[in-house]
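A look at the structure
Chain by chain, the residues run as shown.
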Amino acid sequence: MDATGRHGVAVARLDEQSGQRTEWIFDKKTYAFLGERSVQVEPSETFPKGTVNFTIAITQRAVVNEMKEVPGQAG
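What you see is a predicted model, and the numbers here were worked out from it, not measured in a lab. (Residues numbered from 1 in each chain as written. Predicted model: local features only at pLDDT ≥ 70, side-chain atom pairs only at ≥ 80, totals over all residues. Heavy atoms only, no water.)

Topic: the side chain of Glu23
Defined as follows: Working definition: helices are DSSP H or I runs of at least four residues, strands are E runs of at least two. Numbering for both runs from the N terminus. Any residue under 20% of the maximum accessible area for its type is buried, any over 50% is exposed, and the rest in between are partly exposed; the area is computed with a 1.4 Å probe on protein chains only. Within 3.5 Å is the distance limit for a polar contact, defined as a pair of N or O atoms, with the added protein rule that one can donate a hydrogen and the other accept it, and that residues adjacent in sequence qualify only through two side-chain atoms.
Relative to the elements of secondary structure, Glu23 occurs in strand S2 (residues 20-26). According to the relative accessible area criterion, Glu23 is buried, its value standing at 7%. Only 2.7 Å separates the side chain of Glu23 from the side chain of Arg21, close enough to count as a polar contact. Within polar-contact distance, the side chain of Glu23 engages the side chain of Arg37 at 2.6 Å.

Printed below as a string of structure tokens:
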């Protein structure tokens, strides 16, 4: 689940040193990237097992004509 609560399919990578699993979440039908989250799967000095350490969701996408151009501010 991404930061906005959307469910999808995920590709995960476990960092065995930190005990964190990073999950890249994709839409079940289109495979569009929805977001990412990191979960503590092994307890650490800082976080108990099951803690979501980071989460982000892609809520808008846009196409621009040039590098560094901000969508909606062409000019």
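What follows picks up the thread again.
A word on the pairing of S2
Filter applied, for reference: Any two strands are treated as partners once DSSP identifies two or more bridges connecting them.
For strand S1 (residues 9-15) and S2, the ladder comprises seven bridges, and the chain directions are antiparallel. In the sheet register, Arg13 faces S2, and the bridge partner there is Thr22. As consecutive antiparallel partners, S1 and S2 are separated by four residues, and within that stretch Gly19 has a phi angle of approximately 75°, a positive value. Pairing between S2 and strand S3 (residues 33-40): seven bridges, direction antiparallel. Within the sheet, the bridge partner assigned to Trp24 lies in S3 and is Glu36. The turn linking S2 back onto S3 is made up of six residues, and Tyr31 within it adopts a positive phi angle of 65°.

Keep in mind that these numbers describe shape and distance, not what the molecule does.
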